[in-house]
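Each chain, letter by letter, is given below.
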Amino acid sequence: MQFQILINIVIAFIWMFLQNDFSGVTFIIGYIVGLLMLFFLRRFLRFDFYFRRVWAFIKLMALFAYKLVEANWDVIKIILRPKLDIEPGIIAVPTKLKSDWERTLLANLISLTPGTLTMNFSEDGSTLFIHAIHVPDKEKAIKEIHDTFEKAIREVTE
Amino acid sequence: MSNLLLLPVLVPFLAGAVLILLRNHPLIQRVSSAVIMTVMLLISIQLLYTITTGGILTVELGNWSPPFGIVLVGDMFASMMVLLTSIVGLACLFFSFQTMARIREKFFFYPFYFFLLTGVNGSFLTGDLFNLFVFFEVMLISSFILIVFGGTPYQLRESYKYVVINVFASGLFLVAIAFIYGATGTLNMAHIAVQVAEMEQQGVINVAAILLLIVFGMKGALFPLYFWLPKSYYGPPAAIAALFGGLLTKVGIYAIIRTFTLIFVHDTAFTHNIILALAGLTMFFGVLGAVSQFDFKRILSYHIISQVGYMVMGLGLFTPLALAGAIYYIAHHIIVKSALFLFAGATQKITGTTDLKKMSGLLKTHPALAWLFFISAISLAGIPPLSGFFSKFALILSGVEEGRYIIVAVSLLVGLLTLFSMMKIFIYVFWGGPSLKRSDYAHIKLLPLLAPIIPLVALTITLGLFAEPIFVFSEGVAAEILDPSIYIDAVLEE
Amino acid sequence: MKTNFVMLHTVTRIVSFIILSFSVYLFFAGHNAPGGGFIGGLMMAGALVLLYVSFDMDRIKKVLPIDYTQMIGLGLIIAILTGLNSLVFGDPFLTQYFDYFQWPFMGEVELTTALPFDLGIFLVVVGVALLSILTIAEDVS
Amino acid sequence: MSLFHFVVLAPFLMAVILPFFYYKFRSIHTGWFLLPLPLVLFLYIATYIPFGGGGMEPVIYSVPWVPSLGIDFTVYIDGLSLLFGLLITGIGTLVVLYSIYYIANKQDEPLQNFYVYLLMFMGAMLGVVFSDNLIVLYVFWELTSLSSSLLIAYWFHKEKSRYGAQKSMLITVSGGFAMLAGFAMLYVIAGSTFSIQEMISQAGTMVQDPLILPAMLLVLAGAFTKSAQFPFHIWLPDAMEAPTPVSAYLHSATMVKAGIYLVARTTPIFGLTQQWFWILVIFGLVTLTWGSISAVRQTDLKGILAFSTVSQLGLIMSLLGMASAALHFEYVDQDTMYVTAAMAAVFHLINHATFKGSLFMAVGIIDHETGTRDVRLLGGLMTIMPVTFTISLIGLAAMAGLPPFNGFLSKELFFTASLNAASFDIFNLQTLGFIIPVFAWIASVFTFVYSMMMFLRTFTGAFKPDNYEKHVHEAPWGLLISPIVLGSLVILFGLFPNMLAYTIIEPAMQSILPGLTSVGDQFYVNIYHWHGINAELLMTIGVVLFGLAVALTLPKLYGAGFFQRERDPLNAVYDTGLDQLVVQSQNITKAQMTGRLRDYMLYMGVFIAGLGLFTLFRYDALAISLEGQGGIPIYVWLVTGVLLACTLALPFVSGRMTNLILLGAVGFLIALLFVILRAPDLALTQLLVETVMVVLILLSFRHLPEMTKESKRLLSTSAKAVVSIAVGTFVTLTALSVHAYRSGADITPISDYFVENSKTLAGGYNMVNVILVDFRGLDTLLEVLVLGVAALGIVTMIKLRMRGGEDV
Amino acid sequence: MVMIAAYTTLVLLALAILACVIRLFLGPSAADRVVALDTIGINLIGFIGLMMLIQETILYAEALLIIAILAFISTVSFAKFLEGGNVIGNRNTD
Amino acid sequence: MSLVIEILISIFLLIGGLLSLVGGVGILRFPDVYGRLHAATKSATLGVIGILTGVFLFFLILEHIFIGKILLGIIFVFLTAPVGAFMISRTAYIQGTKMWERTKQDDLKKYIETGETPKDKRS
Amino acid sequence: MEILMILTGGIIITVAVYLLMTRSILRVVFGIIMLSHGVHLLILTLAGLEEGAPPLLTENADAYTDPLPQALILTAIVISFGVTAFLLVLAYQTNKAHDSDDLEELRGNADE
Ligand code: NA
Ligand code: NA
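Bear in mind that the values here come from a model prediction, so they are computed numbers and not experimental data.

*Asks:* Is there a simple way to explain the overall build of chain F in this structure?
*Replies:* Within chain F one finds 4 helices and 0 strands. In chain F, the order of α-helices and β-strands from amino to carboxyl end is α-α-α-α. Since a compact globule built from 123 residues should have a radius of gyration of about 14 Å, the 20 Å found for chain F marks it as more spread out than a globular shape. Projecting the C-alpha coordinates of chain F onto the three principal axes gives extents of approximately 60 × 35 × 25 Å. Relative to its 123 residues, chain F shows a buried fraction of 60%. For chain F, contacts bridging at least 24 residues in sequence account for 64% of all contacts bridging at least 6. In the form shown here, chain F has an accessible surface area of approximately 4,700 Å², with 65% of it arising from carbon and sulfur atoms.

Written out as structure tokens, the structure reads:
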């Protein structure tokens, strides 16, 4: 329920963005539009949520942006180097994150950060398979993911 | 402004839309479509009467005056076509009640039928070139579905070619519209006519005219653009084939006549001579196709092509008499050709085949069918005193008057071969020793099958025996379309 | 293969809301900005298609038990009736009306008959896109 | 509408109500209901005969039918039409009577059909001869072709009947079509009238027109096919499959004379040309000779009669040709020359109807009673069937031209005319004219021969009962009445020819040669048996002597090749022609309708590009305007380049995924171009449509195999390339020209109005959207209709799968 | 100055698109081509942004968003198709 | 002030453009589809985000128009680019698309063959 | 710009026509799609590519590009979308019914 209200508000804001008009009227219309949509898709909504986590999500987005810039620098270096001096590989990374939401966040983070790309999940979702562009040391790579991204997400979500 | 003019488009449109919702109520669909079709017939009669007595009607859709908005224009020619559409539409609909598998009703047969009529009537009535394209598309997409309706392997295969070629033609239509809009800056046909008349350099517009001729020729099955027709028309059920055979190519012909009397009339020595040559080739190759076949429906399909030639011949000759003949011919052809396809259907229902070599002796077992067919067949061949004769005669007379002896000779030869191929049907199907046992056909009631056809046959007889009023009307139509200013004034000077 | 789409599903859930709002926006914006019934309808169809592609037929069908055939018919009827409405005022078919009204809280609002007309188009487009896609997807013969 | 119109229409009206009688009174032979009609008509028409002599004032009744096409139903009664009207109704009465006994009222034979056809025919014949309007004449003319075909195929279960019917229809109708064209030319020449009489009144100016010759040839095509002139005669022997009453009626007395009628009727016009004379005389004589020779080779009695008819029709035709010379002499020297020809023509026409009618009926009786008409099986019937024998004898003698029967008289007149012709001072006749009597004499010999043969082989010799399935005896009286009446007429006209002279022959001659006498004057028609010993009589004696010799030696020649070719060799032309027509049509049609989409596109592409480019260059419309073409930003070049790279790659890449992805790229890039070209709505639409389309294609990949590899054959690949480049070039060049035209001309597009009024009048800022929902709302309404129909169609196509044959 | 930068960027983007197109041709696998197409889509977003800037109009904002959306939808569709030939599954694949 | 803004915007644009180009080069240069995906997801994505940021700022600051749709677009790309990469790489792997010969290890292959996932080494 | 666009449109149409003559039933569908692209480009170009703002009055520009061809193309895009979707299904149904996507094999019998 909370989530629904939230998403409703979010939709109202999206609406305002779209309209380029930040008056109350637009917000109300947006809210009504969102309400209709939620009613429309009510059976589809089955994850619970609350406002705090949305805020955390926004913070994470900022983190994404930062990591993305960093990642790119690495890639540029690899790409523009005359010789491709890399050792790619697929590594399995177990995760303690439980919800779909968290795991998705982790996967997104991994994809957007240096040298790694999420390419699959195990059936139960507890393990991510990651393509790494350069894996001189597999365990180190796994540890780094655990220590940075997984930890960050857990801090946010718990 | 007259909303009467809207009804031939709106009634089937709305009817089709509502019938979509009634998908699971076949009986309601059947009854209401019969009622609607009858209403359409009455509307068309009223429309023709109003226009014939009161002059051209126009509707400015959205209340935007031409040339800015879309305008529907009903002149005698258009309203005649609308009436003919309603007549064969009604006949084919009733025939479908008798012959078509009930399962088809659950798959939007009636909506498709009415949408087709929407497209056809719209194409006749619109006064806007792009809107004509759109109406064409409505008609075409409905025809695509109706022609593949039932989805037998044969239908699928031939419909595919039909669709591709027609879509190709639609693409070229748009190219022609691009040319015309580029050169004139307008889409309203009357306005285009005005602009074209004022153009100093008509070179590009003539190219556009030829392209339009090709486009409409593809829809109207002119030489050498008719390849899609014969095989695809064999596929669908008889009621659909009859509607198509009678009506659809005539929309293309109508468009050719409309544009080449209203807009492209400034170098008839070139354009109309090309039309005349195409007319001759069309009728010749079409009839050879008919001669080559030994199947009821296929012969009729090829005859569509050959007869399209006559209508275009009237335009090519471009005299009042010839155009009157062409107009008369269109009316005759739509009625007779539909009737003949329905006969093919009735015969198929009785014998289970359309292969001539598998049929025999139906004259003995089904004399009524035989004679009604015979009348229609010889009418098609232009034997007097039926409708086919007077229309052809006017064309021939005009051809002789103009000294166009080759086309006259071709048209007579084609008439003879038409007779030959129609007699072939009669000889194979109706003469000969009986092939059917009483038990084979006793359960098929003939009267309901013939009921929708009889009025059509009666019409071809009437159109022949009482040719004078029809011919006077055709002359009126010809006079009206030969003077573009009538149309232009009606549209542009309100 | 025993793997899962958790990432796809989660993102789709979020994204589809963005797309749906966007489609409604496009629909309303049409008269004054790029958009309109057709574009809005296709956008909504896009959102729904994304749901179908990401998840699966049965699941989304349960969520959205819509008969798209009826939607097409309904859309057509709405559009025609909007056009017919002008006949009541003695104007030709498809004459559209608009006016500006002062509404409490909302200031000046433009109301136009083009909107229900566009709604009909919107419905048809959504119905058409999904009906075609789903019918083909369900065709297992 | 006059009473006389009803004379013409009465048979048709009767035909409509006759089935009622048939079904209502099954026990009474339908013919009885019919019989009074021709009789009454005969008597009514007979009231127009000028019994007092002194020529005949033509009577005209007219009602408009299709006046805007110059078609009026004008009944014109003069000597010629009167003669034919009497023949049609008179012989018609006898034939109906005869048929009542000839055609049994069997349960499964649709007897009413027979009489409906017969009535249609009768009405049509009356229409032909009484119509003054050429088109009305034509209408009835075609009806005679039609009804006669139906009569020939009355026993349509027989292969030969169908063949004969088809043949007669094709030949006579094709002649009819030619004739129609001829009529149209006459209409043009005569200054927009179809009235024969009006044409005759201006014949002198009409023949000055260069069109008169083609018109004449076309009209003659109609007359010759109908009247079985060489080489169109081949349908007549095959028409003998008709029931014998039909043959007696149509194929001797009436229908085949329609051509004669037409020639006689138009002689006052065409006769003014010298070609008329030659064509008629030559065709007539060739037909006469060919027919009589062919008749000798026949073994079927009806076959003999058929060829005999051919031959006699040729005779009459040639006589009409000779008669037309009168028009060149302005009727001087009347009694000795061409007038004889005209007189002979009319008289022989009557005589032929009587003796040939009776002979057909007699043959019918023989067929009816013995079950065969084959002269090789027949023989010795003289004693078994004495009445029939007598009738036949009279008929045969008349046919052979023996005195005192009417045939002798007309044949003598024919000899006279042919001898006269050789002395005409026109058309080089003085040098070439001798062939006319030579031909006439040879033909007469053969006529004599086949008459003898018929007599000898049917009635003399031994009677062989084993040859017949039935017990042979004399026919019932009902069958005999009609031939007896006709036989009596043969004798009566032979003995008292002048009873016809002023009542029938002279009025008819006046119609053929209208300047012959002024109305009121009596022309002198007098026919004698005895002219003294003159050339004609010597010719006749020669015929008899020579003919007897041939007839007696002939049985010995039966083994010779001459007699093994019973069928006319000209039939081969017709048969192969018809076969080849079908075969060649099939070849031509197959060459076009290959079933290959590629071929269709190739043909159409060639046509489109060819005609399009031709038009473009013909009008010298090709132009390119470089105005304002500079300054294209580099990114546009790049985008266009990428777009074209993707496009051009499409024909070359294989693999459907690659193709689809390229297609997707093209779609995206087109959207980009729309953005560059300032069309945001288009870009949006294009993108959305493209995506949905890609999804649809991906979905349908499941039902499609990997793309078929294109054939690498150079020829087909280059053909495709050339044609597509041609089409593309045409479109491109025209587009460039339009653009150039546009740059040079001052065009105010209607869209300026939209720019000005979108906001004020339609309340929207987005012009494109305003156009779509308001200015051109109908387009939009229909475009979504197209979409809706397409979607429903997809559903239908996927879910409704029939095998075929469930319904029609 | 912004305009010069924008035009330069446009050229860079066009070149990037060109590179993607080359990959589109080269393949070799369908996945490679999908990557290329997806990247073209992403680049088009930038391209349209720049067009807004150059033409000084906000009208293409919708197009921009739509490309982002559609590139995603088509990539997912392609991937689903390549995986099992079935873009829309009928059974629960969760 | 305005010059600074213009320079800032230009930098955003140019960096974005360069990143995009680098992404393009990467797509061309990387030897296998996975490597190319790295280029696509990282460089191209950030490149376009850079450009969009430049455009957003341009309108916001120089034209005083707030275009929310651009922000939405940026968020959208952020959200979906990894998912796209995930879908493609997953598919490529399932299809058996060849990896570069220098690829060292493949845990996914082991998982598919045995169904075993490595244990989380942490407690 | 017009000449470039005309040439582009012309080349697209050329390729489209070529594709319509190929054997694969699907390639022909692609040809139809390409054809509509080319045609739309021509319509837009031939109406004139005068420099002007996009046709939205919110732009407050002095000149706008011609909105009418854009509306026409929009209609045409929609129509060709519907028709092409239909054709696509027709193509695959044909393939299913005849077990062939090769138009050479889909010729049918000569006497049909
Ligand atoms: Na058609
Ligand atoms: Na048969």
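This is not the end of the story, as more comes after the structure.
*Asks:* Explain empty space enclosed by the protein to me, please; I cannot follow it from the model alone.
*Replies:* Empty space left among the atoms is revealed by rolling a probe the size of a water molecule over them. There is about 160 Å³ of room inside the largest cavity. What lines the largest cavity is a set of 17 residues, and nearest its centre among them are Val167(B), Ser170(B), Gly171(B), Ser36(G) and Ser80(G). Secondary-structure elements contributing two or more residues to the lining of the largest cavity are α5 (129-147) and α6 (153-184) of chain B together with α2 (25-46) and α3 (67-98) of chain G. Each residue belonging to the lining of the largest cavity can be placed in one class, and the counts come to 10 nonpolar, 6 polar and 1 charged.

*Asks:* Teacher, can you tell me more about the nonpolar core here?
*Replies:* In a soluble, globular protein the nonpolar side chains are often hidden away together inside. Core analysis: the largest hydrophobic core is formed by 822 residues, its most contacted members being Tyr160(B), Phe343(B), Leu186(D), Phe47(E) and Phe86(G). Non-local contacts of Leu186(D), meaning those with residues more than four positions away in its chain, are made with Leu134(D), Met199(D), Met206(D), Ile212(D), Ala215(D), Val219(D) and Phe270(D).

*Asks:* Is there a simple way to explain the interface of chain B and chain D in this structure?
*Replies:* For an interface, size is often stated in terms of accessible area lost upon the parts coming together. Every contact between the two is made by 124 residues of chain B and, on the other side, 105 residues of chain D. It is Trp64(B), Phe68(B) and Phe227(B) in chain B that bury the most area against chain D; as a group they hold 8% of the surface buried on that side. Across the chain B-chain D interface, the total number found is 3 salt bridges. Arg104(B) is paired through a salt bridge with Asp807(D); the nearest N and O atoms lie 2.7 Å apart. Along the contact surface separating chain B from chain D lie 18 residue pairs in polar contact (both at pLDDT 80 or more). Per element, the largest residue contribution to the side of chain B that touches chain D is 14 residues, and it comes from α6(B).

*Asks:* Is there a simple way to explain the packing of helix α4 (residues 79-102) of chain D against helix α17 (residues 338-370) of chain D in this structure?
*Replies:* How two helices sit against one another is set out by the angle between their axes and by the gap between those axes. Residue and element names in this part refer to chain D. Between α4 and α17, the shortest axis-to-axis distance is 12 Å and the interhelical angle comes to 5°. In this view, α4 runs roughly parallel relative to α17, as classed from their interaxial angle. Side by side, α4 and α17 meet where Leu83, Phe84, Leu87, Ile91, Leu94, Val95, Tyr98, Tyr101 and Tyr102 of the first sit next to Val346, Leu349, Ile350, Ala353, Phe360, Met361, Gly364, Ile365, Asp367 and His368 of the second. Class assignment for the residues of the contact of α4 with α17 results in 16 nonpolar, 2 polar and 1 charged.

*Asks:* Explanation requested: the sheet that holds strand β2 (residues 116-121) of chain A in the structure shown.
*Replies:* The strands that make up a sheet pair up through hydrogen bonds in the backbone, lying either parallel or antiparallel. Ordered by their spatial adjacency, 3 strands build an open sheet running β1-β3-β2 (chain A), and the pairing between neighbours is antiparallel. Each edge of the open sheet carries a strand with a single partner, namely β1 (89-94) and β2 of chain A. Sheet twist, expressed as the average angle between the axes of neighbouring strands with direction ignored, equals 35°. Contacting β1 and β2 of chain A, helix α3 (residues 68-95) of chain F runs over the sheet at an angle of about 65° to β2(A).

*Asks:* How do you make sense of the pairing of β2(A) when you look at a structure like this?
*Replies:* Where a strand is regular, its side chains alternate between the two sheet faces. All names here are of chain A. Counting buried residues in β2 gives 6 out of 6 residues, a clear majority hidden from the surface. Note that β2 and strand β3 (residues 127-132) share 5 bridges and pair antiparallel. Along β3, the bridge assignment pairs Thr116 with Ala132. Here β2 hands over to β3 after 5 residues, with Gly125 in that stretch at a positive phi of 80°.

*Asks:* What am I meant to see in the coordination of the sodium ion (ligand 2) here?
*Replies:* In ideal tetrahedral geometry, four donors around a metal make angles of 109.5 degrees, whereas ideal octahedral geometry with six donors gives angles of 90 or 180 degrees. Around the sodium ion (ligand 2), the donor atoms from the protein are Met359(B) (O) and Tyr428(B) (O), and they sit 2.2 to 2.6 Å away. Of this pair, Met359(B) sits in the loop between α13 (320-351) and α14 (362-365) while Tyr428(B) is found in helix α17 (residues 405-430), placing the two residues 69 residues apart along the sequence.

*Asks:* Teacher, can you tell me more about the UniProt feature "transmembrane region" (unreviewed entry) in chain G here?
*Replies:* Residues and elements named next belong to chain G. Within this structure's numbering, the places UniProt gives as "transmembrane region" (unreviewed entry) are residues 6-21, 28-49 and 69-92. Counting secondary structure, residues 28-49 comes out at 86% helix and 0% strand; the distance between its end C-alpha atoms is 31 Å. Along residues 69-92 the backbone is 100% helical and 0% strand, and the end-to-end C-alpha distance reaches 34 Å.

*Asks:* What is the right way to read a nonpolar patch on the surface from this model?
*Replies:* Residues and elements named next belong to chain D. A cluster of nonpolar side chains, Leu432, Phe434, Ile435, Val438, Phe439 and Ile442, forms an exposed patch at the surface whose accessible area comes to about 480 Å². Of all the elements, helix α22 (residues 435-459) adds the most residues to the nonpolar patch, at 4 residues. With respect to the helices and strands, the residue Phe434 is situated in the loop between α21 (429-432) and α22.

*Asks:* What is the right way to read the environment of Ile3(G) from this model?
*Replies:* Checked against the element boundaries, Ile3(G) lands in helix α1 (residues 2-20). Classification of Ile3(G) by relative accessible area gives buried; the value is 14%. Note: C-alpha distance between Ile3(G) and Leu46(G) (43 residues apart in sequence) is 9.7 Å. Once residues within four sequence positions are removed from consideration, Ile3(G) is found in contact with Ile624(D), Ser625(D), Leu626(D), Gln629(D), Leu736(D) and His739(D).

Quick notes on the rules
Residues numbered from 1 in each chain as written. Chains lettered and ligands numbered in written order. Predicted model: local features only at pLDDT ≥ 70, side-chain atom pairs only at ≥ 80, totals over all residues. Heavy atoms only, no water. Helix = DSSP H or I, 4+ residues; strand = E, 2+ residues; numbered from the N terminus. Rg over C-alpha atoms; globule rule 2.2 N^0.38 Å. Buried < 20%, exposed > 50% of the residue type's maximum accessible area, 1.4 Å probe, protein only. Contact = heavy atoms within 4.5 Å. Areas by Shrake-Rupley, 256 points an atom, 1.4 Å probe, with all protein chains shown as cover. 1 Å grid on protein atoms, 1.4 Å probe; cavity = no way out; pocket = protein on both sides within 12 Å on 5 of 7 lines; lining within 4 Å. Points joined across faces, edges and corners; volume = space filled by probe spheres on them. Nonpolar A, V, L, I, M, F, W, Y, C, P; charged D, E, K, R; others polar. Core = buried A, V, L, I, M, F, W, Y, C linked by side-chain atoms within 4.5 Å. Buried area = accessible area lost by both parts, 1.4 Å probe. Salt bridge = Lys/Arg side-chain N within 4 Å of Asp/Glu carboxyl O. Polar contact = N/O pair within 3.5 Å; in protein donor to acceptor, adjacent residues only side chain to side chain. Axes fitted to C-alpha atoms, helices over the stretch in contact; angles between N-to-C directions. Parallel < 35°, antiparallel > 145°, perpendicular 65-115°, else oblique. Pairing = 2+ DSSP bridges. Donors = N, O, S within 2.8 Å, 3.2 Å for Na, K, Ca; no water. UniProt positions renumbered as here; feature names shortened; annotations may be inferred. Patch = residues over 30% accessible without salt bridge, like charges linked within 9 Å, V, L, I, M, F, W, Y side chains within 5 Å.

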